[in-house]
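Structure at a glance
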Amino acid sequence: MYTHLMRFFLILVSGLCLGQTFAQNKKHQEIIKQSAQFSAYYVEGNFEGMANTYTEDAMIFPPGKDILVGKAAIRNFWESLPKTNILSHKSVPEKLIIKGNEAHDYGYYFVQSQKEEEAPGPVFSAKYYIIWVKEKGKGWKMKMDMWNSRNADWNK
């Protein structure tokens, strides 16, 4: 009897752990998908779409600039950047830590652009740190977005 109870307990605990793993994996995939959507909007120059990947009270920490708060300020920031043709943009997480409806995502992003009437530039890379929150009925949104340069040797 004791052996049967132990097996039942182990099966129950294993099932609960697997269920949690599947739930975490689903959240992970949702965040990766939202990050890829942001990249697609950036390549398209869709600043409204980019702004909509942030929460209403989101903050961005652009290098060399003050902290910007709110969707309108964030959209204005992206629109104000020098006009170049963005050929590609991709974020590659080093770590994605999910705790309930909040996630901490950090890694490197890669972007390639091309100025008008010039050859495509080299791929540029920098570090990022994003806090994602899951908003009811809206999915995962960026609450805080910070990025800065990485080792200068990488971008030579």
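Now for a look at the structure at hand. (Residues numbered from 1 in each chain as written. Predicted model: local features only at pLDDT ≥ 70, side-chain atom pairs only at ≥ 80, totals over all residues. Heavy atoms only, no water.)

**Considering the overall build of the protein**
- Within the protein one finds three helices and six strands.
- Helices (α) and strands (β) of the protein occur, in sequence order from the N terminus, as α-α-β-β-α-β-β-β-β.
- Counting over 156 residues, the protein shows a buried share of 29%.
- For the protein, long-range pairs separated by at least 24 residues make up 50% of all intrachain contacts whose partners lie at least 6 apart in sequence. (Helix = DSSP H or I, 4+ residues; strand = E, 2+ residues; numbered from the N terminus. Buried < 20%, exposed > 50% of the residue type's maximum accessible area, 1.4 Å probe, protein only. Contact = heavy atoms within 4.5 Å.)

**Considerations on the sheet that holds strand β3 (residues 85–99)**
- As summarised here, the arrangement of the six strands in space is β2-β1-β6-β5-β4-β3, forming an open sheet in which the pairing is mixed. At either margin of the open sheet sits one strand with a lone partner, and together these are β2 (68–69) and β3.
- Each of β1 (54–61), β2 and β6 (139–149) touches helix α3 (residues 71–80); the most contacted strand, β1, lies at about 50° to it. (Pairing = 2+ DSSP bridges. Axes fitted to C-alpha atoms, helices over the stretch in contact; angles between N-to-C directions.)

**Let's talk about the pairing of β6**
- Bridging between β1 and β6 involves four bridges; their strand directions are parallel. By the bridge assignment, Ile60 is partnered in β6 with Asp145.
- As judged from the ten bridges shared by strand β5 (residues 124–135) and β6, these two strands associate in the antiparallel manner. Residue pairing for β6: Ile130 is matched across the bridge by Asp145.

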